[in-house]
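Listed here are the chains, written in short residue letters.
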Amino acid sequence: MAVIHQTTLKPTKLELLTDWLPTRPWYRGGPDAPVLAKSGGFRLDDPEGEVGIEFMVATDTASPERTAYLAALTYRGAPLEGAEDALVGTMEHGVLGKRWVYDGCHDPVLVTELLALIEGRAQAMAQSISDTPDHDVLRSCTGAPLGAAGFTPEPADDEDGTRVPVPRGAVLHVHRVLTPVAENPPRPPQDALGHVATGWPGPDGTRLQAVFMTLRTA
């Protein structure tokens, strides 16, 4: 189980994302920097205990529309070889020292554990509390296991989010701009092989919900 340290981060995660988000093709903001607030999310555990895995909802409050983005992040104690273009930035952790922060869709540890979550082999964990499952995160999967051991992701970003080809001819679509739905719980599209869905606090005290990831055939 990952240990969540209550300590300082310099720069903070939101400061790193403020610079990084506008460089993405799925960013919806204008020329001004986003004004980000951490709105929720969840974590996954790395079985080896080396890589931090977080799915953060970061809401841009710069306009009344309040766009909610999904940042899939990994935190490493050393650079990830071959992932220079996926580096979000580095920060100094008050307990662990220097950490390299990556867009986790390029990180084989995140993608492998995300597929394990979809298949029901991994448990979503609370974002800010150690050793605590997050039972609000829902998942589904149909079909044969994907067999993602040793898998190297080759993701592609477009205006709709990030698509990651995965084994057995499937594609994992990470929805970077979260669209709240009225369904409770949120359901995947009828043609989906699997999905992950959860919620986050809205500005008026309500709980917004959306599908975060969808697994489809290529």
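Heads up: the structure comes first, above all this text.
In short, a report on the structure. Everything quoted here is computed from the prediction, not taken from an experiment.

## Remarks on the environment of Pro 203
Here Pro 203 is to be found in the loop between strand S11 (194-201) and strand S12 (207-217). Overall, Pro 203 belongs to the exposed group, its relative accessible area being 59%.

## With respect to the pattern of salt bridges
A pair can form between side chains of opposite charge whenever their charged atoms are brought close. Under the counting rule described, the total for this entry stands at 10 salt bridges. The shortest N-O distance in the salt bridge between Asp 157 and Arg 24 comes to 3.5 Å. Here the residue Asp 157 occupies a position in strand S8 (residues 156-158), and Arg 24 occupies one in the loop between helix H1 (13-20) and strand S2 (36-44), the gap between them amounting to 133 residues. Residue Glu 54 is joined to Lys 38 by a salt bridge in which the shortest nitrogen-to-oxygen separation is 4.0 Å. With Glu 54 in strand S3 (residues 52-60) and Lys 38 in strand S2, this residue pair connects regions lying 16 residues apart in the sequence. You can call Glu 54 buried: its relative accessible area is 0%.

## Concerning the sheet that holds S3
A sheet is described by the order of its strands in space; here 6 strands give the open sequence S1-S5-S6-S4-S3-S2, paired in antiparallel fashion. Edge positions in the sheet fall to strand S1 (9-10) and S2, since each has one partner strand and no second. As paired strands, S3 and strand S4 (residues 67-76) are joined by 9 bridges and run antiparallel to one another. Residue Val 57 lies in a different strand from S4, and its bridge partner there is Leu 70. Most of the contacts of helix H2 (residues 108-118) go to S3, to which it runs at about 85°, and overall it touches S2, S3 and S4.

## Brief notes about the nonpolar core
The nonpolar side chains of a soluble globular protein tend to be buried, and buried together. The biggest cluster of nonpolar side chains holds 33 residues, and the ones touching the most others in it are Phe 42, Phe 55, Val 166, Leu 172 and Met 213. Secondary-structure elements contributing two or more residues to this core are S2, S3, S4, H2, strand S9 (161-166), strand S10 (170-174), S11 and S12. Top element by residues in this core is H2. It accounts for 7 residues. Beyond its immediate stretch of four places on either side in the chain, Val 166 contacts Leu 115, Leu 146, Phe 151, Val 171, Leu 172 and Leu 215. One finds Leu 16, Leu 17, Leu 21 and Val 177 within the second-largest nonpolar core, a separate group that totals 17 residues.

About the cut-offs
Positions within a chain are numbered from 1, following the residues in the order the chain's sequence is written. Whole-chain, interface and lining totals are the exception, using all residues; otherwise, since this is a predicted model, local features are given only for residues with pLDDT of at least 70 and side-chain atom pairs are given and counted only at 80 or more. Water and hydrogen atoms play no part in the side-chain values, which are based on all heavy atoms of the structure. Runs of H or I in DSSP of at least four residues are treated as helices and runs of E of at least two as strands, each being numbered from the N terminus. Here the term buried applies to any residue with accessible area under 20% of the maximum for its type, exposed to any over 50%, and partly exposed to those in between, with areas from a 1.4 Å probe on protein chains only. Salt bridge, as applied in this entry: a Lys or Arg side-chain nitrogen positioned within 4 Å of an Asp or Glu carboxyl oxygen. A pair of strands is considered paired only if DSSP assigns at least 2 bridges between the two. Note on contacts: a residue pair qualifies if any of its non-hydrogen atoms lie within 4.5 Å across the two residues. Lines fitted to the C-alpha atoms define the axes, with helices restricted to the stretch that makes contact. Angles between their N-to-C directions range from 0 to 180 degrees. Within this scheme, the nonpolar core is defined by two criteria: the residues are buried Ala, Val, Leu, Ile, Met, Phe, Trp, Tyr or Cys, and they are joined through side-chain atoms within 4.5 Å.

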